[in-house]
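So you can see what is in the structure, the chains are spelled out below.
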Amino acid sequence: MTPTRTPPDHPDDADDLRAELDRLVVHRQQDLHRLWELLMSPLGFSRRSLWVTFVDRDGRPLPQLMEVDELPDGDAAVEVGRLFGLLTDAFGDVLDDLALAFLVVRPGRGGLHGDDRRLAAALLAGAHEAGVRCHPVHVADDARLQPVTPDDLAA
């Protein structure tokens, strides 16, 4: 039997994970990075998908986490518009007190791809158009979790 390796800075069990998530407050990009790290470690994904979570005005992550399985391959703007329509229909005025956080996951390695950049740009534009606060979009592959920076969006 091969022992499993716990990633550095990752809680050893569910109680430790829950305790760290309960203490976590998202004020900076590094805090959001840590949130995604806690929720998604260890990295390794079998398909491309989008994860959505919510952060209240005090920076506390809510316990809701949604996965969107079918991501657009081409023009993401139409599908992202539908996603924001669903979110605003489902959450209504509650979204006024929340910020969205998005994580794009996919198998493979190699950092950001063009599709990642296009989807991140569409998500940020969709949030702006919907009048919803949004944290920086993050992307994770099998080896790395990283934010999509303004420089990445301009590339």
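Our subject is the structure listed above.
Residues numbered from 1 in each chain as written. Predicted model: local features only at pLDDT ≥ 70, side-chain atom pairs only at ≥ 80, totals over all residues. Heavy atoms only, no water.

Asker: Any chance you could break down the pairing of strand E2 (residues 61-68) for me, citing the residues and the numbers?
Answerer: Strand direction decides the pairing type here: strand E1 (residues 49-56) and E2, joined by five bridges, are antiparallel. Bridge assignment links valine 55 to a residue of E2, and that residue is proline 61. (Pairing = 2+ DSSP bridges. Helix = DSSP H or I, 4+ residues; strand = E, 2+ residues; numbered from the N terminus.)

Asker: Let's hear about the pairing of strand E3 (residues 98-105): which residues, and what values?
Answerer: A large share of E3 lies buried, amounting to eight of its eight residues. Note: E1 against E3, eight bridges, orientation antiparallel. In the strand pairing of E3, leucine 50 is matched with valine 104. Of the pairings in the sheet, the one linking E3 to strand E4 (residues 133-134) comprises two bridges and is parallel in character. When the sheet's bridge partners are listed, leucine 100 is paired in E4 with cysteine 134. Note that E3 and strand E5 (residues 138-140) share three bridges and pair parallel. Residue pairing across strands places valine 105 opposite alanine 140, the latter belonging to E5. (Buried < 20%, exposed > 50% of the residue type's maximum accessible area, 1.4 Å probe, protein only.)

Asker: Explain the nonpolar core residue by residue, including any values.
Answerer: By size, the foremost hydrophobic cluster in this structure holds 24 residues, and its most contacted members are Leu50, Phe84, Leu100, Phe102 and Leu123. If sequence neighbours within four positions are ignored, leucine 100 has contacts with Val52, Thr53, Phe54, Phe84, Leu87, Leu95, Val132, Arg133, Cys134 and His135. With 16 residues, the next largest nonpolar core counts Val26, Trp51, Ala101 and Val105 among its residues. (Core = buried A, V, L, I, M, F, W, Y, C linked by side-chain atoms within 4.5 Å. Contact = heavy atoms within 4.5 Å.)

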